[in-house]
Amino acid sequence: DVAIQRQYAESLETWRIAVEALGAAPAEVVDVGSGGGYPGLVVACVAPETRVSLVEPLQKRARLLKAVASAVGLANVEVFAQRAEEAGRGRLRETATLVTARAVAALPELLEYTTPFARAGGIIALPKGSAMAEELAAATSAPSVTHGRS
């Protein structure tokens, strides 16, 4: 299926860009709003040395993510069945070298959800579609609100 191939390709490209930007594979990844596991489960498969935390508020999806990770033997995955706002105040706060999120919210809101997970020197990678220019324009004040840098 073309849509699934596109999601795998996007996940792998997000990973490649992050590794290039950081100069090494991130030790800790937090994927916010993991849904069907893109990019979090894909990252966990290609980087077994990387700890991947999947944050998914819907219990049914969180159970599916746990089952898939277990069936594939991904010992580097932990699933948090929580909303991002809650998980970002817990033990995942400021732990991630890489924070990802895909199709969760508009960029200003998404930055508020993802920034609490990023450690100093970490990066936030947010794949966006054709409305990216508009979302970037709308998000110009978000980094100052979240104390991040754009």
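What you see is a predicted model; the values in this text were computed from it and never measured.

Caption draft 1: Here's a closer look at helix H3 (residues 59–72). In this model H3 runs 20 Å from its N-terminal to its C-terminal C-alpha over 14 residues, within 8% of the 20 Å that 1.5 Å per residue would give. Burial in H3 covers these residues: Ala62, Leu65 and Ala69. Seen along its axis, H3 keeps its buried residues to an arc of 60°; they face one direction. Away from the buried face of H3 by more than 90 degrees, exposed residues Lys60, Arg63, Ser70 and Ala71 are located. In this fold, the buried residues of H3 make contact with helix H2 (40–46), strand E2 (51–55) and strand E3 (77–80).

Caption draft 2: Just the nonpolar core, in detail. Counting 18 residues, the largest nonpolar core has Val30, Val32, Val55, Leu92, Val99, Phe117 and Leu126 as the members making the most contacts within it. Put simply, the parts of the chain that give this core at least two residues each are strand E1 (28–32), helix H4 (84–87), strand E4 (96–101) and helix H5 (107–114). Ignoring sequence-local partners within four residues, the contact set of Phe117 consists of Val30, Val32, Val55, Ala84, Ala87, Gly88, Leu92, Glu94, Thr95, Ala96 and Val99. Formed by 17 residues, the second largest nonpolar core is a distinct cluster that contains Ala18, Ala47, Leu54 and Ala62.

Caption draft 3: A look at the sheet that holds E1. Read across the sheet, five strands follow the order E3-E2-E1-E4-E5 without closing on themselves; strand pairing throughout is parallel. The open sheet is flanked by E3 and strand E5 (118–125), the only strands paired with a single partner. Ignoring which end each strand starts from, the neighbouring axes of this sheet average 20° apart. Judged from the five bridges that link them, E1 and E2 form a sheet pairing that is parallel. When the bridges of E2 are listed, Val29 appears paired with Val52. Each of E1, E4 and E5 touches helix H1 (residues 2–22); the most contacted strand, E5, lies at about 145° to it. Sheet strands touched by H5: E1, E4 and E5. Its angle to E4, the strand with the most contacts, is close to 145°.

Caption draft 4: Up close: the pattern of salt bridges. In this structure the tally under the stated criterion is seven salt bridges. For Arg16, the salt bridge is made with Glu13, and the minimal N-O distance between the two is 2.7 Å. Residue Arg16 and its partner Glu13 are located together in helix H1, separated by three residues, close to a single helical turn. Judged by relative accessible area, which is 38%, Arg16 ranks as partly exposed. Residues Glu85 and Arg83 are paired through a salt bridge, measuring 2.9 Å at the closest nitrogen-oxygen approach.

Caption draft 5: Spotlight on the side chain of Asp31. In this fold, Asp31 is placed in strand E1. Despite being buried, Asp31 has no salt bridge partner; Arg102 is the closest side chain of opposite charge, sitting 8.4 Å away. Polar contacts involving the side chain of Asp31 include one to the main-chain amide nitrogen of Gly40, which spans 3.1 Å. Within polar-contact distance, the side chain of Asp31 engages the side chain of Thr100 at 2.9 Å.

Caption draft 6: Highlighting the packing of aromatic side chains. Taken as a whole, this structure holds one aromatic pair when the rule is applied. Relative to Tyr38, the ring of Tyr8 has its centre 5.3 Å away and its plane inclined at 90°; by these criteria the two rings are edge-to-face. Residue Tyr8 is found in helix H1, and its partner Tyr38 is found in the loop between E1 and H2; the two are separated by 30 residues along the sequence. For Tyr8, a relative accessible area of 42% translates into the label partly exposed.

Here is what the cut-offs are and how they apply
- Numbering of residues begins from 1 in every chain and follows the order in which that chain's sequence is written.
- At least 70 in pLDDT is required for a residue's local features to be given in this predicted model, at least 80 for side-chain atom pairs to be given and counted, and no such filter applies to totals for whole chains, interfaces and linings, which use all residues.
- The basis for every side-chain value is the complete set of heavy atoms in the structure, and neither hydrogens nor water enter the calculation.
- A helix here means a DSSP run of H or I that spans at least four residues, while a strand means a run of E at least two residues long, and both kinds are numbered starting from the N terminus.
- Each residue after the first adds 1.5 Å to the expected span of a helix.
- Relative accessible area decides the class of each residue, using a 1.4 Å probe on protein chains only: under 20% of the type maximum gives buried, over 50% gives exposed, and in between gives partly exposed.
- Taking the helix axis as origin, the arc is that swept by the directions to the C-beta atoms.
- Contact between two residues is taken to exist if any of their heavy atoms lie within 4.5 Å; hydrogens are not considered.
- Residues enter a nonpolar core if they are buried and are Ala, Val, Leu, Ile, Met, Phe, Trp, Tyr or Cys, with the set joined through side-chain atoms within 4.5 Å.
- The pairing criterion for strands is at least two bridges between them, as found by DSSP.
- Inter-axis angles, ranging from 0 to 180 degrees, are taken between N-to-C directions of lines fitted to C-alpha atoms, where helices are fitted over the stretch in contact.
- A carboxyl oxygen of Asp or Glu within 4 Å of a side-chain nitrogen of Lys or Arg is what we treat as a salt bridge.
- In this tally, Asp and Glu contribute negative charge and Lys and Arg positive charge; neither His nor the terminal groups of the chain are included.
- Polar contacts, as counted here, are pairs of nitrogen or oxygen atoms within 3.5 Å of one another; within protein the pair requires one atom able to donate a hydrogen and one able to accept it, and residues that are adjacent in sequence qualify only if both atoms are side-chain atoms.
- Between rings of Phe, Tyr and Trp, where Trp is taken as its six-membered ring, a pair exists when centres lie within 6.5 Å; planes separated by under 30 degrees are stacked, by over 60 edge-to-face, and by other angles tilted.

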